[in-house]
Amino acid sequence: MKKLVLALMMCGLVGCGDGGKSTSEQNAEIAPSEPVVDHYYSMNDGYEYGYEQGLSNDSVNAGQVASTLIMFKYAGVKDGVYQVYTKNNMGAFDVLECTNPCQYLKEMIFYNGSHLKTERIKAVEGSIGWSVMADAINGKMEQFIAEKNNGAKSTVWFNEKTGLKFTSVDK
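Residues numbered from 1 in each chain as written. Predicted model: local features only at pLDDT ≥ 70, side-chain atom pairs only at ≥ 80, totals over all residues. Heavy atoms only, no water.

> Please give an account of the overall build of the protein that cites residues and values.
Scanning the protein from N- to C-terminus turns up 4 helices and 10 strands. Start at the N end of the protein and walk to the C end: the helices and strands fall as α-α-β-β-α-β-β-β-β-β-α-β-β-β. A buried classification covers 33% of the 171 residues belonging to the protein. Counting every atom, the protein has about 11100 Å² of accessible surface; 49% of that belongs to carbon and sulfur. (Helix = DSSP H or I, 4+ residues; strand = E, 2+ residues; numbered from the N terminus. Buried < 20%, exposed > 50% of the residue type's maximum accessible area, 1.4 Å probe, protein only. Areas by Shrake-Rupley, 256 points an atom, 1.4 Å probe, with all protein chains shown as cover.)

> Give me the nonpolar core: which residues, what numbers.
Core analysis: the biggest nonpolar cluster contains 20 residues, and Tyr51, Phe72, Val84, Cys102, Val132, Met133 and Met141 have the highest contact counts within it. Ranked by the residues each element gives to this core, the list is headed by helix 4 (residues 128–137), at 6 residues. Look past the residues within four positions of Cys102 in its chain and what remains in contact with it is Ala123, Met133 and Ile137. Judged by nonpolar contacts, the second largest core, of 11 residues, contains Tyr85, Met108, Phe110 and Phe144. (Core = buried A, V, L, I, M, F, W, Y, C linked by side-chain atoms within 4.5 Å. Contact = heavy atoms within 4.5 Å.)

> Tell me about the sheet that holds strand 9 (residues 153–159), residues and numbers included.
Spatially, the 3 strands line up as an open sheet ordered 8-9-10, and their pairing is antiparallel. In this open sheet, the two strands that pair with only one neighbour each are strand 8 (146–147) and strand 10 (163–168). Where strand 9 and strand 10 come together, 6 bridges link them in antiparallel fashion. Paired with Phe158 across the strands is Leu164, a residue of strand 10. (Pairing = 2+ DSSP bridges.)

> Can you explain the packing of aromatic side chains? Please cite residues and give values.
Following the criterion strictly, the structure yields 10 aromatic pairs and no others. Look at Phe93 and Phe158: their rings are 5.2 Å apart centre to centre, the planes differ by 50°, and that puts the pair in the tilted class. One end of the pair, Phe93, is in strand 5 (residues 93–98); the other, Phe158, is in strand 9, with 65 residues separating them in the sequence. In this structure, Phe93 and Phe158 share a single accessibility class: buried. The aromatic ring of Phe166 is capped on one face by Lys148, whose charged end is 4.5 Å from the ring centroid. (Phe/Tyr/Trp six-rings, centres within 6.5 Å; stacked < 30°, edge-to-face > 60°. Lys NZ or Arg CZ within 6 Å of the ring centre and 35° of its normal.)

> Give a detailed account of helix 4, specifying residues and quantitative values.
Burial of helix 4 is extensive: 10 of the 10 residues sit out of reach of the surface. Along helix 4, the residues that are buried comprise Ile128, Gly129, Trp130, Ser131, Val132, Met133, Ala134, Asp135, Ala136 and Ile137. Looking one or two residues past helix 4, Gly139 carries a phi angle of roughly 70°, positive in sign.

> Tell me what's going on with the sheet that holds strand 7 (residues 114–122), and back it up with residues and numbers.
Ordered in space as 1-2-3-4-5-6-7, the 7 strands form an open sheet in which the pairing is antiparallel. Either end of the sheet is taken by a strand with one partner, and the two such strands are strand 1 (43–45) and strand 7. Strand-to-strand twist in this sheet, taken as the mean axis angle between neighbours without regard to direction, amounts to 30°. In this structure, strand 5 lies alongside strand 6 (residues 104–111), joined through 5 bridges in antiparallel fashion. Across the sheet, Val95 pairs through a bridge with Met108, a residue of strand 6. In the packing of helix 4 onto the sheet, the strands contacted are strand 2 (48–52), strand 3 (69–78), strand 4 (81–87), strand 5 and strand 6, and the crossing angle to strand 4 comes to about 125°. (Axes fitted to C-alpha atoms, helices over the stretch in contact; angles between N-to-C directions.)

> Tell me about the confidence of the model for the protein, and please be specific about residues and values.
In this model, the protein carries a mean pLDDT of 81, and residues with pLDDT of at least 70 account for 78%. Under a pLDDT of 50 for its full length, residues 1–28 has, in the predicted model, 33 contacts with residues more than four places off or in other chains. (pLDDT = per-residue confidence, 0-100.)

> Describe in detail the state of the cysteines, supporting the description with residues and values.
A complete count under the given rule lists 1 disulfide for this structure. The disulfide partner of Cys98 is Cys102, and the S-S distance across this bridge is 1.8 Å. For the disulfide bridge between Cys98 and Cys102, the dihedral angle about the S-S bond is near 105°, and by the sign convention the bridge is right-handed. Across the pair, Cys102 and Cys98 agree in class, each one buried. (Disulfide = S-S within 2.5 Å.)

Here it is as structure tokens:
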């Protein structure tokens, strides 16, 4: 579980003067060579958003050619705090929180309904944590809505003291 957490966390506009050139000449010069990024996730599947991990030298040497995706869900925003989470194959939830501007991430680990650990990590531009929070803060993710068998809908939120909490969504 620690490896997943470490892998998870470790893994513009430019102004220019016109110089007396025509508008078409200016546009030709400032056109980006790559498309402007609207969001940082690589794929979206319903309420889940996938972010690519970098490949380690060991993975490349073992013949891996493509990175796996870490899938996040957006829990929402409460009192200016944005929250996203992912669930690993062992059932542990890795929860990230941040405010705007996002300078430091709060990472909380939950397992079997219990809070295990909290860390604070610098939000380094380009990291997976930074990218996920940038998408959440910039409105690029849809809030996850859980639906029970009886049709009842609710949002989720994680708290160090109370664990995972479901809040009913009005129909």
